Amino acid sequence: MKALTANRLSDGEVVFWKSGAWVERLTDAEVFVAEDSAVTAETSARAQPTLAIDPYLIDLVETEGFWTPVSYRERIRALGPSNHERHGKQADGGDAVEALRHAHGAARSSGRVNLIRRK
Amino acid sequence: MYRYDAVDRAVLADRAAEFRDQVRRRLSGELTEDQFKPLRLMNGLYLQLHAYMLRVAVPYGSLDPRQMRALADIARRFDRGYGHFTTRTNIQFNWIRLADAPEILDVLAEADLHAIQTSGNCIRNVTADPYAGAAADELEDPRVWCEAIRQWSSLHPEFSFLPRKFKIAVTASPHDRTAAKVHDIGLLLRRGRDGATGFEVIVGGGMGRTPHVGPTLKAFLPSERLFSYLEAVLRVYNRHGRRDNIYKARIKILVAALGAEAFGREVEAEWEKIGVAGDLPGSEIVRIRDAFTRPELADSPAPGDFEARRAAEPAFARFVRNNLKAHKLSGYTIVDVSLKGVGETPGDISADQMDVVADLAERFGQGEIRSTHEQNLVLPHIRLADVHTVWKALDAARLATPNINLISDIIACPGLDYCALANARAICVAQDIARRFEAPDRAEAIGELKIKISGCINACGHHHVGHIGILGVDKKGEEFYQLTLGGSGAEDASVGKMLGPALPIDRVTDAVEAIVDAYLQQRQDGERFLDTLRRTGDAPFREAVYADAH
Ligand code: SF4
């Protein structure tokens, strides 16, 4: 399973793709079963460069009935910083946030490629 | 503090207006992200994990109360009520919206601040001794030279596109509080035999992927020849530094590849060509020196009830022992303000705390505030008679943790909680260790012990020069931590050595405790952790940490 993610251009907010638009919660994101539909969505997202920056696909696993990112980095993006629990999306609380906190996984997402140049 | 003139102000106003137009064009789609990214980075605006991050330059770590209040205003109006002081003595805001960035630059410019050259392959903010102008052991105030370097290097056309970023440190004390030997250039002010001042010039230090303690290129450079020499070093680097490989582009790689002697010969040849025409006229140094406002320090003011309170109040006495440093004038002291409250994020400060520090600097501290590369603040000129009042106010704002240079005074970079480049978190590791060693008697019994944590090999958390260094690594998507021992960023600079295999996150604090226990067993009279380690080697510590694994 995959989801498509990016940062919103206007404020840098972490966003997820849903049927041609961007949403803020991973629970609202479109989950791709087929590789080709994921790649098609990525191509569509790249065609909207004034909305979100550098969209990329992430791998998901099921945790406590929710789709959660395999990689630790993506779970932090989906939650917010672990030193400020009231900052970021985790502030909402709820079962989906708890599932993200409990999720385990391996393998870094592809989102880190080339990021060194941004520093 | 240095006072901006009309030209300085006009430059900043122009820069903010230019960026406003660039942001408008990006939001409208006129500029692509690839076109815009270098422009925003030139204004210190990064895209991190959760939002944009704005890095504001704190020139050589000096702030006045008005500037601190401007930072508090930005934290309140444009961020989430706090900022983060970094190991570059700058401040970062973690939750910035792109559309707000131009207005933030306006607010900064109003307070003579900016974000220029806080990113990119240029000469970055100069690191200065945070006790400059106050330290009992300094030869002269190094900030005059820092300001001259700032003016010389700002928007310098020849040095705006170097092979890689470039960092300079300046100190005028024998005790190095700037980590000068792990900067691209470290300038140590010395007095020559004839009484004139000059610099020992260290070139090619650095951390990151390939740490180096820089070699001394020139043992004594007369101070009036500083700028032609800097120009020669930068020019040789600009010409020969590698641009083909980002990991080999820093000057440390060039100096190591050529050898310090051969590199030095190239610099000498270039220096000769430049000649005295490349030096700053003496009148410029005088102009810059005169543009600093001088603190109005009295002649040996009476200490009031300082000693009586110290004798009567153990908590105050502990603060005095750990957070006060010797001032060059009797009746005054330097006060370290800890941004390392137990359980807090190292370097973080709330807007309300910024206001408290600004108020204290204004009322009791000659209007001077410093940020340190160890992510703390300093009030450099406090009368002994006022220390108790200042301590009370700091304590009420949770800024008086008496832990400077102790085990809980930990440097930690933002790590994977914020940074797009991170492998692992750093903040929670620091918090966990600080909690374990929360008991102040125990921390004082352990003595000076510097723990430094980076979330990746870029080493913003200076782990290579930590007495105990902790580096976050990624092992198949999980957070692991590599321990190094024996680093130092002080005058006895050294790069730490790896202790053994990386540890999972839940074993790091136990490992630190095992190292500390081994130290306390091995310690001989008066030895710091680093002294014991240097005497015994790391075998007892390796044994302590990895005993279970045998
Ligand atoms: S050391 Fe790495 S993780 Fe830490 S701030 Fe620097 S780049 Fe980010």
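The structure displayed is predicted, hence computed values, not measured ones.

### A short note on the domain arrangement of chain B
All names here are of chain B.
Link 1 in the chain: We note that the domain assignment places domain 1 (6-110), domain 2 (142-290), domain 3 (306-396) and domain 4 (411-549) within chain B.
Link 2 in the chain: Summarising the inter-unit geometry, the C-alpha centres of domain 1 and domain 4 are found 33 Å apart.
Link 3 in the chain: Each side of the interface is counted separately: domain 1 has ten residues, and domain 4 has ten residues.
Link 4 in the chain: Across the domain 1 to domain 4 interface the summed buried area is about 760 Å²; carbon plus sulfur atoms make up 58%.
Link 5 in the chain: Of all residues in domain 1, Q48, L49 and T87 bury the most surface against domain 4, accounting for 59% of the area lost on that side.
Link 6 in the chain: For the pair domain 1 and domain 4, the interface holds zero salt bridges.
Link 7 in the chain: Across the domain 1-domain 4 interface, the total number found is five residue pairs in polar contact (both at pLDDT 80 or more).
Link 8 in the chain: Every element with two or more residues in the side of domain 1 that touches domain 4 is listed here: β4 (82-85) and β5 (91-96).
Link 9 in the chain: Looking at the side of domain 1 that touches domain 4 residue by residue, the class counts come to four nonpolar, six polar and no charged.

### Here we look at the site of the ligand
Link 1 in the chain: Taken together, the neighbourhood of the ligand is formed by 13 residues, with C413, C419, C456, N458 and C460 of chain B sitting nearest.
Link 2 in the chain: One finds residues of chains A and B in close proximity to the ligand.
Link 3 in the chain: Tallied by class, the residues present in the shell around the ligand amount to eight nonpolar, four polar and one charged.

### With respect to the interface of chain B and chain A
Link 1 in the chain: Listed as interface residues are 44 residues of chain B and, on the opposing side, 32 residues of chain A.
Link 2 in the chain: For the pairing of chain B and chain A, the buried interface totals around 3,400 Å² over both sides, and the portion due to carbon and sulfur atoms is 54%.
Link 3 in the chain: Where chain B meets chain A, there are zero salt bridges.
Link 4 in the chain: In this assembly, chain B and chain A are joined by ten residue pairs in polar contact (both at pLDDT 80 or more).
Link 5 in the chain: Listing elements by their share of the side of chain B that touches chain A, those giving two or more residues are α1 (6-28), α2 (33-42), β1 (45-47), β2 (52-56), β5, α14 (427-436) and β19 (478-485) of chain B.
Link 6 in the chain: Counting residues per element, the side of chain B that touches chain A draws most heavily on α2 of chain B, which supplies four residues.

### Some words on the side chain of N376 of chain B
Link 1 in the chain: Mapped onto the secondary structure, N376 of chain B falls in the loop between β14 (369-371) and β15 (377-383).
Link 2 in the chain: In this structure the side chain of N376 of chain B is engaged in a polar contact, spanning 2.8 Å, whose partner is the backbone nitrogen of L339 of chain B.

### Points about the sheet that holds strand β13 (residues 348-350) of chain B
All names here are of chain B.
Link 1 in the chain: Pairing in this open sheet of five strands is antiparallel, and the strands run β1-β2-β5-β4-β13 from one edge to the other. Two strands in the sheet have a free side with no partner beyond their single neighbour: β1 and β13. For this sheet, the mean angle separating the axes of adjacent strands, direction not counted, is 30°.
Link 2 in the chain: Here β4 pairs with β13 via three bridges, running antiparallel. Directly across from H84, in β13, lies its bridge partner D348.
Link 3 in the chain: Lying over the sheet, α2 contacts β1 and β2, oriented at roughly 130° with respect to β1.

Rules and cut-offs
Residues numbered from 1 in each chain as written. Chains lettered and ligands numbered in written order. Predicted model: local features only at pLDDT ≥ 70, side-chain atom pairs only at ≥ 80, totals over all residues. Heavy atoms only, no water. Domains from an automatic or database assignment. Contact = heavy atoms within 4.5 Å. Buried area = accessible area lost by both parts, 1.4 Å probe. Salt bridge = Lys/Arg side-chain N within 4 Å of Asp/Glu carboxyl O. Polar contact = N/O pair within 3.5 Å; in protein donor to acceptor, adjacent residues only side chain to side chain. Helix = DSSP H or I, 4+ residues; strand = E, 2+ residues; numbered from the N terminus. Nonpolar A, V, L, I, M, F, W, Y, C, P; charged D, E, K, R; others polar. Near = heavy atom within 4 Å. Pairing = 2+ DSSP bridges. Axes fitted to C-alpha atoms, helices over the stretch in contact; angles between N-to-C directions.

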